[in-house]
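# Structural characterization, general
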Amino acid sequence: MNKLILKYGGLPGMSFRNSMGTAMHLRLVVPFLAVTLCFSACKRDKAEQPEEISAQEAQKDGSVSAFVTNGVSVASATAYSTASGSTTIGSIDINENLRIGSVSGSRTSVTYHTTGADKTGWVASSAVKLTSWMWPVEAVRTTQDFNNYSTSRNGYHLAIDMTSLLDNDNISATFGGTIKYAGYSSGNGNHVIIEHTNGSGAKLYSLYCHMISFGTGISTGNSIAKGAKIGVMGCTGSCTGKHLHFALYKTNYSTNPYGYTSSGGTLISRTDNKIVMDYSTHYNPEYVIRNNGATP
């Protein structure tokens, strides 16, 4: 089963981006498609190898392009039903691309895409959680998850690799901050590192790799707003197909960050949402976004 992740905008109080750069995010769930980001290395212990991309990365559901989404739920799996809630229609899982509709009392209408037809139902409004951080790609399809073990790399993936189900190759800043690096390396290709400050005042760094080109004004030292265009998805550097390698970590240890635990440094500890290396701690981007910049 795959999972689908969306970036939405345009609904007051839910998910939107206005001319001042303000954006909110939402996230619900349905068994669907998936997206993954991919990290490449800098000072590797072994020779550079292409990033691993799932065969699904090249596939595209042609009918999904007509589906306009505006929300992503970060709630746990939840049932959707008729407006009254009396009849259950099905189940929505986390990471589903959704169109958020009207709110009636404690119920919120949602529509999600399925092959052949879109489905509309109602869910408990409490299942919908707003987030101040956003996914960098619209209609995310994960091609490699955080903490995924690579046999060929003999290590764990320190990021998420993803493409867009809507065939939208634009990449946006997950949150506002300062561009610490914008340039090229043999591993990460054209990539950008942004320094953010979360709600607790802690510094976090987001990494966007393999872009074919940079957005306007993307250069080291410049400020950037959440949702601003960073660049266009591509396959520059060490990669095997067009995708975005997206990572979030604690310390800006290099302008060419590692992609796997085996790429360099020493693995200290590892959990589902956090991998601690001797040079920095890497976080599952999905966890950070779902929790408004908080880290596990």
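Everything numeric here is computed off the predicted structure, so don't read it as measured data.

## A few points about the overall build of the protein chain
The helix and strand tally for the protein chain stands at one helix and 24 strands. Counting over 296 residues, the protein chain shows a buried share of 56%. Long-range pairs, those at least 24 residues apart, make up 69% of the contacts in the protein chain between residues at least 6 apart in sequence. If you sum the accessible surface of the protein chain, you get close to 11,200 Å²; carbon and sulfur atoms cover 50% of it.

## Comments concerning the nonpolar core
By size, the foremost hydrophobic cluster in this structure holds 30 residues, and its most contacted members are Met162, Val192, Ile194, Tyr208, Ile230 and Leu244. Counting residues in each nonpolar core, the second largest holds eight residues, with Tyr205, Cys209, Ala247 and Tyr249 among its members.

## Regarding the confidence of the model for the protein chain
Reading fine detail from the predicted coordinates is not recommended where pLDDT is low. Residues of the protein chain with pLDDT of at least 70 account for 67%, and the chain-wide mean is 75. Below pLDDT 50 for its whole length, residues 1-69 participates in 325 contacts with residues either more than four positions away or in separate chains.

## Observations concerning the sheet that holds strand S18 (residues 213-214)
Read from one edge to the other, the open sheet built from three strands follows the order S14-S20-S18, with strand pairing classed as antiparallel. A single partner strand is all that each edge strand has here, and the edge strands are strand S14 (170-172) and S18. With two bridges joining them, S18 and strand S20 (residues 229-232) adopt antiparallel strand pairing. Each bridged residue has a counterpart across the sheet, and for Ser213 the counterpart in S20 is Val232.

## Observations regarding unusual backbone geometry
For Asn154, which is not glycine, the phi torsion reads 55 degrees and is therefore positive. As for its position among the elements, Asn154 is in the loop between strand S11 (149-150) and strand S12 (155-156). For Asn292, which is not glycine, the phi dihedral falls at a positive 55 degrees. Asn292 gets classed as partly exposed once you look at its relative accessible area, which sits at 29%.

Conventions used here
Residues numbered from 1 in each chain as written. Predicted model: local features only at pLDDT ≥ 70, side-chain atom pairs only at ≥ 80, totals over all residues. Heavy atoms only, no water. Helix = DSSP H or I, 4+ residues; strand = E, 2+ residues; numbered from the N terminus. Buried < 20%, exposed > 50% of the residue type's maximum accessible area, 1.4 Å probe, protein only. Contact = heavy atoms within 4.5 Å. Areas by Shrake-Rupley, 256 points an atom, 1.4 Å probe, with all protein chains shown as cover. Core = buried A, V, L, I, M, F, W, Y, C linked by side-chain atoms within 4.5 Å. pLDDT = per-residue confidence, 0-100. Pairing = 2+ DSSP bridges.

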